[in-house]
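Here is how the chains run, residue by residue.
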Amino acid sequence: MMIPLTDIENGDWVRVVDFSGGRGMESRLTQLGFLPGNKIRVIRSAPFHGPLLIDVEGREIVLGRGIAQYILVEEIK
């Protein structure tokens with residue numbers, strides 16, 4: 001089941017499945033390392049709808065929730 005990255009709890013590992021934005025958004029996210037099939041982890045979610053700190057292939061990336069909502073993921077069992 002695909003869910004937006006913004007719905008993932010701190011510390012959870014997930015797999016990138018798809019993007020819901022347009023081509024420009026998809027291009028930007030792939031440049032940052034968000035490729036379908038990659039495992040990523042939400043390290044920290046700032047309070048009051050602040051940005052997310054994400055582990056992407058060993059790199060820490062900060063994403064605003066507005067962009068993170070376009071990344072569709074699935075939980076890793």
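Here the structure is a predicted model, which means the values were calculated and not measured. (Residues numbered from 1 in each chain as written. Predicted model: local features only at pLDDT ≥ 70, side-chain atom pairs only at ≥ 80, totals over all residues. Heavy atoms only, no water.)

Asker: For the pairing of strand E4 (residues 52-56), give the residues involved together with the corresponding values.
Answerer: The buried count for E4 comes to five of five residues, which makes it a mostly enclosed element. Because side chains alternate across E4, one face comprises the buried residues Leu52, Ile54 and Val56, and the other comprises Leu53 and Asp55, equally buried. With five bridges joining them, strand E3 (residues 39-45) and E4 adopt antiparallel strand pairing. The residue bridging Val42 from the neighbouring strand is Ile54, located in E4. Hairpin connection of E3 to E4: six residues between the antiparallel strands, including Phe48 at a positive phi of 60 degrees. Direction of pairing for E4 relative to strand E5 (residues 59-63): antiparallel, over a ladder of five bridges. For Val56, the partnering residue across the bridge sits in E5 and is Arg59. Counting the residues in the hairpin turn of E4 and E5 gives two residues, including Glu57, whose phi is positive at 55 degrees. (Buried < 20%, exposed > 50% of the residue type's maximum accessible area, 1.4 Å probe, protein only. Helix = DSSP H or I, 4+ residues; strand = E, 2+ residues; numbered from the N terminus. Pairing = 2+ DSSP bridges.)

Asker: Let's hear about the sheet that holds E5: which residues, and what values?
Answerer: Read from one edge to the other, the open sheet built from six strands follows the order E1-E6-E2-E3-E4-E5, with strand pairing classed as antiparallel. Looking at which strands have only one partner, the edges of the open sheet turn out to be strand E1 (3-4) and E5. Bridge count between E1 and strand E6 (residues 71-75): two bridges; the pairing is antiparallel. Counted as the bridge partner of Ile3 is Val73 from E6.

Asker: Explain the nonpolar core to me, and be specific about the residues and the numbers.
Answerer: If you look at the biggest cluster of nonpolar residues, it comprises 19 residues, and the most contacted ones within it are Leu5, Phe34, Ile40, Ile54, Leu63, Ile71 and Val73. Where this core is concerned, the elements lending two or more residues are strand E2 (13-19), E3, E4, E5 and E6. In contact with Ile54, not counting residues within four places along its chain, are Leu5, Phe34, Ile40, Arg41, Val42, Ile43, Arg59, Glu60 and Ile61. (Core = buried A, V, L, I, M, F, W, Y, C linked by side-chain atoms within 4.5 Å. Contact = heavy atoms within 4.5 Å.)

Asker: Describe in detail the side chain of Arg65, supporting the description with residues and values.
Answerer: In this structure, Arg65 sits in helix H2 (residues 65-68). A polar contact is formed between the side chain of Arg65 and the backbone oxygen of Gly50, at a distance of 2.7 Å. Other than its neighbours up to four places away in sequence, Arg65 contacts Thr6, Ser45, Ala46, His49, Gly50 and Leu52. (Polar contact = N/O pair within 3.5 Å; in protein donor to acceptor, adjacent residues only side chain to side chain.)

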